[in-house]
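Architecture and fold: a report
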Amino acid sequence: MRRPDALFDGAARALSTRLASGMTRRSFLGRMGGAVLAATGGAAVAAAVRPEKSEAFHFCGHIWTTGSCLNPLGLPRIDKNGFPLRPSDGHPIDNLGRAVNSEGWAVDGSGHRLRSPDGDFLPRAPRTRLCEDWTNEHYKIGGVMQGAWYRCCNGQVRKLVDCCSHSNKRINGDASLTGYCFDGRRVFCVLYYDSGLKC
Amino acid sequence: MVETFTPAVCGSRSRQRIAIALFALAALVASAAVGATLGFVGSLVGTRPALIAAAALSFLAALREAGILRLPIPQSRRQVPERWQYERQLTLWSAGYGAGLGLGFLTFQPVATFWVACAVALALGNPAAAAACFALYGAGRAFMAVWPRHREPSGPAAVERLVGRASFVSRANAVVLGLAVVLLALAPAAGAAVTSLGRGFDPAADGQTFARARMDSGTVKVLVVPPAPDPTDTVSPADAPALDGSYLAYEDDEGIKVIDWRNDSPVRELDGPYSHPALDYPLLAYIRDGGAHERLVLADISKPSLDERNIASVHSAADLGRPALRGHRLAWHRIASGGSSINVLDLATNNRRVIKQTDVWMEANPSVTSRRIVWVEHRPRGSSLRMKRFGHKRTKTLMHVSGRKTLLWTTALTGRTAYVTKWTPSTRKAVVLRVNF
């Protein structure tokens, strides 16, 4: 008989493999998927998720028609907490699209803080969450990040996230769908997070 | 014109099409180039004078087209060089004809509208917009080259029918020019006239006197420009000027100084971590850097003890910027990672108001008078100079700069004239713009 911990490990690996290869969008799997994949370290993902050329409506992995959430630089790339990142390389940016250092100060390509015409350091611009803060500011709909799904993009696992709200319209202006949202919410816009895990 | 490309029994349909295409393309490009040039020149001249000139010209042109006024119009009484057809390749002369007609001023001008369009392109002050508008003139030229052939089997017959309607065209033209006069006259009220005042940043203004800071050879100096014929006064080293009549406040390495700029006599000195003065004598507002916190302080510099009053305070990671003080109102911005706001304190009633608050954008660098406030709103797609009248709900945009390479920055306001710094972060080059609204 196998040891209990071995049984658990095997079940977790089997679940993560099934999740990664599954093509159905179910809200509870969206919630569970990230945690399970993280727990198994991504090895199951690497085996199960075949690199595919995900047909993207406007970014890799996004195969539906819901538009991107508002963002500084044209693509809604976020960090794990929902703050904006530069789409090209994942560098943190502020709400104005400027690269920022770890303390939030705007920097140039060499990492030096930007200065005003008289040589003073520029003030930190706001840096807020694309789903919760930007959509609330513009649409007053109380958006929250909920469901997610995963695709292999550029050799790494991309997590695509629904920004969900109680609005019947999505950011495109037409009717919204439930998607991976729950608790009565519907998909308003989408964002993505690049995990860096190889696939 | 189209018969010129393919005279009777000479030339194929494809030859005709090629020639028409080249003619049209050249006409469009030439017209757009004229528009772009005029728009560029207009951006140097200033919108308001050009608008007034365009409205006046349009009025005179309307009278001329209506037959009320006899006015000669500048034109070159020439046609396209016929000999080109025999001496040049088809591709060259068809394009050459198009370019010549597209330029507009190398041929007959039966109506004055072309010159009105030139004046309006100057007033636009925007090369791209003026090029796009003027390209329509080239499109019209191209259309007239082709249209008669499609209307009638005989092109000349179609043109003669059009000539027969010349009086109707003149009257319609007069009506259009009359409408243009109305629109141009309204334009200064609807928009703002922007003029560059040259290198500098951190503008300050009081009535006709204007001040700005400027970096010269690594040293920041303040230039105070009174109305002519008084000369410009220069204070160095000095930064962040604030003006009130003959009083000038500025910051330097030691703190803040207030002087009478007419004779450079000192009025008051505040030595310490003080910066960004705003002056409405005897009141002086400034930022005090306390290390962990930054405070906006209001003081009475006519009193020995200053009677300092803390107005606002933020953690050092946030920013209170460059306050503004005028007409019993004190304005400042508050920028933090979680959002920004423009705030005003009415010194007479002690009421505070948030003029604009946002969790997303950066609202910065306000300036006030007793009736209005201006500030700069920064978004990823560009920065805008905003204006609001106290007691009114509507916010108006006085000007906008697109993109992130060039930004609007600090402001000043006096009457119906706003000043704003426009600068390029990568080069740190800055100019001050005057915006009349």
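Since the structure is predicted, the reported quantities are computational estimates derived from the model, not experimental observations.

Quick look at the overall build of chain B now. When its secondary structure is counted, chain B shows 9 helices and 24 strands. Here chain B holds 437 residues, and 43% of them are scored as buried. Sequence-distant contacts in chain B: of pairs separated by 6 or more residues, those separated by 24 or more amount to 52%.

Bringing the overall build of chain A into the picture now. Each helix and strand in chain A was counted, giving 4 helices and 3 strands. Going from N to C terminus, chain A has its helices and strands arranged as α-α-α-α-β-β-β. When each of the 199 residues of chain A is scored for burial, the buried share is 40%. When contacts within chain A are restricted to residue pairs at least 6 apart in sequence, long-range pairs at least 24 apart make up 55% of them.

With that out of the way, let us pick up the interface of chain A and chain B. Facing the 20 residues of chain A at the interface are 28 residues of chain B. Considered class by class, the residues forming the side of chain A that touches chain B number 9 nonpolar, 5 polar and 6 charged.

A few words now on helix α6 (residues 113–124) of chain B. All names here are of chain B. Across its 12 residues, α6 extends 16 Å between first and last C-alpha, which sits within 8% of the 16 Å expected from 1.5 Å per residue. Extensive coverage of α6 is indicated by the burial of 11 of its 12 residues. Within α6, the full set of buried residues consists of Thr113, Trp115, Val116, Ala117, Cys118, Ala119, Val120, Ala121, Leu122, Ala123 and Leu124.

With that settled, the discussion passes to the sheet that holds strand β1 (residues 144–153) of chain A. All names here are of chain A. Sheet architecture is open: 3 strands sit in the order β1-β2-β3, paired in antiparallel fashion. Since the sheet does not close on itself, it has two edges, and those belong to β1 and β3 (186–198), each with one partner. Recorded for the sheet is a direction-independent mean angle of 25° between the axes of neighbouring strands. With 9 bridges connecting them, strand β2 (residues 156–165) and β3 associate as antiparallel partners. By the bridge assignment for β3, Leu160 is matched with Tyr192. Here helix α4 (residues 130–139) sits on the sheet in contact with β1, β2 and β3, set at roughly 150° to β3.

Residue and element names in this part refer to chain B. Strand order in the open sheet made by the 4 strands is β6-β7-β8-β9, with antiparallel pairing throughout. Looking at which strands have only one partner, the edges of the open sheet turn out to be β6 (239–244) and β9 (265–271). If you compare each strand with its neighbour and ignore which way they point, the axes differ by 15° on average. Taken together, the 4 bridges between β6 and strand β7 (residues 247–251) define a ladder with antiparallel strand orientation. Counted as the bridge partner of Ala242 is Ala249 from β7.

This part is about the environment of B:Arg352. Residues and elements named next belong to chain B. By secondary structure assignment, the location of Arg352 is in strand β17 (residues 351–358). Along the primary structure Arg352 and Arg329 are separated by 23 residues, whereas in three dimensions their C-alpha atoms are 9.8 Å apart. Dropping the residues within four chain positions of it, Arg352 is found in contact with Asn343 and Leu345.

Turning our eyes to something else, we now look at the nonpolar core. A:Cys69, A:Cys163, B:Leu248 and B:Ala418 are the most contacted members of the largest nonpolar core, which has 110 residues in total. If one sorts the elements of this core by residue count, β3(A) sits on top with 8 residues. Beyond its immediate chain neighbours, meaning those up to four positions away, A:Cys69 contacts A:Pro76, A:Leu130, A:Cys131, A:Trp134, A:Thr135, A:Cys163, A:Ile171, A:Cys189, A:Val190 and A:Leu191. One finds B:Ala19, B:Ala55, B:Leu122 and B:Leu184 within the second-largest nonpolar core, a separate group that totals 47 residues.

All names here are of chain B. Between Ala228 and Pro229 the backbone carries a cis peptide bond, its omega angle lying at 10°. For Pro229, the position within the fold is in the loop between β4 (219–225) and β5 (233–235). A cis geometry characterises the amide bond from Ser236 onward to Pro237, with omega recorded as -5°. Within the element layout of this structure, Pro237 appears in the loop between β5 and β6.

All names here are of chain A. In the predicted model, chain A carries a mean pLDDT of 79, and the fraction of residues at 70 or more is 71%. Per-residue pLDDT stays below 50 along residues 19–30; that stretch engages in 22 contacts with residues further than four places along the chain or on separate chains. Note on residues 37–56: pLDDT under 50 across the span, and 42 contacts to partners over four residues away in sequence or across chains.

Structurally, the position occupied by B:Leu57 is in helix α3 (residues 47–65). Contact partners of B:Leu57, with chain neighbours within four places excluded, come to B:Trp115, B:Val116 and B:Ala119.

Moving on, we come to the pairing of strand β2 (residues 201–206) of chain B. Residue and element names in this part refer to chain B. With respect to burial, β2 is a largely interior element, 6 of its 6 residues being buried. Two elements, β2 and strand β3 (residues 209–216), share 4 bridges in a ladder whose sense is antiparallel. If you follow Ala204 over to β3, its bridge partner there is Ala211. Where β2 folds back on β3, the antiparallel hairpin that results is connected by 2 residues, among which Gly207 adopts a positive phi of roughly 60°.

A few words now on α4(A). Residue pairs spaced three or four apart in an α-helix point in one direction, given the helix's 3.6 residues per turn. All names here are of chain A. Buried residues of α4: Leu130, Cys131, Asp133, Trp134 and Thr135, and no others. Where α4 is buried, its residues contact β1, β2 and β3. In the segment just after α4, Lys140 is the residue with positive phi, at about 55°.

In this section: the pairing of β2(A). It is a general feature of regular strands that their side chains alternate between the two faces of the sheet. Burial analysis of β2(A) places 9 of its 10 residues in the buried class, the great majority of the element. Counting the residues between successive antiparallel strands, the hairpin from β1(A) to β2(A) contains 2 residues, one of them, A:Asn154, with a positive phi of roughly 55°.

This paragraph deals with the environment of A:Cys69. Tracing the sequence through the fold places A:Cys69 in the loop between α3 (43–48) and α4. For the pair A:Cys69 and A:Ile171, spaced 102 residues apart in sequence, the C-alpha to C-alpha distance is 7.4 Å.

What counts and what doesn't
- Position labels on residues start from 1 in each chain and follow its written sequence.
- Whichever chain is written first is A, and whichever ligand is written first is 1; the rest continue in order.
- Per-residue local features are limited, in this predicted model, to residues with pLDDT of at least 70; the limit for side-chain atom pairs, both in listing and counting, is 80 or more; totals at the level of whole chains, interfaces and linings are taken over all residues.
- A helix here means a DSSP run of H or I that spans at least four residues, while a strand means a run of E at least two residues long, and both kinds are numbered starting from the N terminus.
- Burial is judged by counting other C-beta atoms within 10 Å of a residue's own C-beta: 20 or more means buried, 12 or fewer means exposed, and anything between counts as partly exposed, with every C-beta placed from the backbone.
- We call two residues in contact whenever the C-beta atoms placed from their backbones are within 7 Å.
- All residues other than Ala, Val, Leu, Ile, Met, Phe, Trp, Tyr, Cys, Pro, Asp, Glu, Lys and Arg, Gly among them, are scored as polar; the first ten of these are nonpolar and the last four charged.
- To estimate how far a helix should extend, the number of its residues minus one is multiplied by 1.5 Å.
- One requirement defines pairing of two strands: DSSP has to find at least two bridges between them.
- For helices, the axis comes from a line fit to the C-alpha atoms of the stretch in contact; other axes are also lines fit to C-alpha atoms, and the angle between any two N-to-C directions lies between 0 and 180 degrees.
- Connectivity within a nonpolar core runs through C-beta atoms within 7 Å, and the core itself is a set of buried Ala, Val, Leu, Ile, Met, Phe, Trp, Tyr and Cys residues.
- pLDDT is a per-residue confidence score from the predictor, ranging from 0 to 100.

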